[in-house]
Amino acid sequence: MKYCSSCGARVAFRIPPGDTLPRHVCEHCGTIHYQNPKVVVGALPVWEDKILLCRRAIEPRHGMWTLPAGFMENDETTAQAAARETLEEACARIEVGELYTLIDVPHISQVHIIYRARLLDLDFRAGEESLDVALFTEDEIPWEQIAFRSIAISLRHFFEDRRSGQWSVHTASLAPPPPEWR
Ligand SMILES: [Zn+2]
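Residues numbered from 1 in each chain as written. Predicted model: local features only at pLDDT ≥ 70, side-chain atom pairs only at ≥ 80, totals over all residues. Heavy atoms only, no water.

### Regarding the overall build of the chain
- When helices and strands are tallied, the chain shows two helices and 11 strands.
- If you list the helices and strands of the chain from N to C, you get β-β-β-β-β-β-β-α-β-β-β-α-β.
- When its C-alpha atoms are laid out on the principal axes, the chain stretches across 60 × 30 × 30 Å.
- Counting only residues that meet the buried cut, the chain has 40% of its 182 residues in that class.
- When contacts within the chain are restricted to residue pairs at least 6 apart in sequence, long-range pairs at least 24 apart make up 59% of them.
- On the chain, the mean spot of the 19 positive side-chain charges and the mean spot of the 26 negative ones are 6 Å from each other. (Helix = DSSP H or I, 4+ residues; strand = E, 2+ residues; numbered from the N terminus. Buried < 20%, exposed > 50% of the residue type's maximum accessible area, 1.4 Å probe, protein only. Contact = heavy atoms within 4.5 Å. Lys, Arg positive; Asp, Glu negative; His and termini not counted. Charge placed at Lys NZ, Arg CZ, Asp CG, Glu CD.)

Now the structure itself:
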């Protein structure tokens, strides 16, 4: 950030009195522009023994497969965000179920939250940000083409838990990927 979004003056980057971390501080109007992690929310929509995946039409990871997920908006709950993202990316209606995975991704200042969900009907199609939307059994999941680690982790837990019949919330904290994955 270079300029204050409140008054347009140049901002400084310094530790405000009483704080512990440097912030973008406007010397003109006094506004402190805090920057905090972003919340990404998604759904794991289930139909019989299949999972709904979307093939990305946007960067990053264009052409790869993911669960419907995206940045939470202001004035919505995490469950509403999961349903909204599923409607936007897969034009699909779901009943949002239990919280399933909560994954910290500190090196990019994100928190990823995935809910289990029940796909309500088969009337789905690719939304604006998807090239394709399809249902996959465990054997059909394109593991080499999954766009994000948090999504692959959520899918792997799902199939393990379904096999064992023991469902629980899973948490993880992701380290930066090795350079060859970037
Ligand atoms: Zn200002």
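Let us keep going from here.
### Quick word on unusual backbone geometry
- Geometrically, the link from E59 to P60 is a cis peptide bond, its omega value of -5° lying close to zero.
- The backbone phi angle of R61 is positive, close to 65°, even though this residue is not glycine.
- Inspection of the secondary structure assignment puts R61 in the loop between β5 (50-56) and β6 (65-66).
- By relative accessible area, which is 36% here, R61 ends up partly exposed.
- Positive phi, close to 65°, is recorded for D75, a residue that is not glycine.

### Remarks on a negative patch on the surface
- Taken together, the side chains of E48, D49, D139 and E140 present a region of like negative charge at the surface.
- Summarising the element assignment, E48 is placed in the loop between β4 (38-47) and β5.
- Given a relative accessible area of 64%, E48 falls into the exposed group. (Patch = residues over 30% accessible without salt bridge, like charges linked within 9 Å, V, L, I, M, F, W, Y side chains within 5 Å. Areas by Shrake-Rupley, 256 points an atom, 1.4 Å probe, with all protein chains shown as cover. Salt bridge = Lys/Arg side-chain N within 4 Å of Asp/Glu carboxyl O.)

### Here's the deal with the coordination of the zinc ion
- Donor atoms from the polypeptide that coordinate the zinc ion comprise C4 (SG), C7 (SG), C26 (SG) and C29 (SG), at 2.3 to 2.4 Å from the metal.
- Around the zinc ion sit four donor atoms, and with donor-metal-donor angles ranging over 100 to 115° the site reads as tetrahedral.
- If you list the donors of the zinc ion from N- to C-terminus, the spacing comes out as C-x2-C-x18-C-x2-C. (Donors = N, O, S within 2.8 Å, 3.2 Å for Na, K, Ca; no water. Tetrahedral: all angles 85-135°; square planar, octahedral: opposite > 155°, others 65-115°.)

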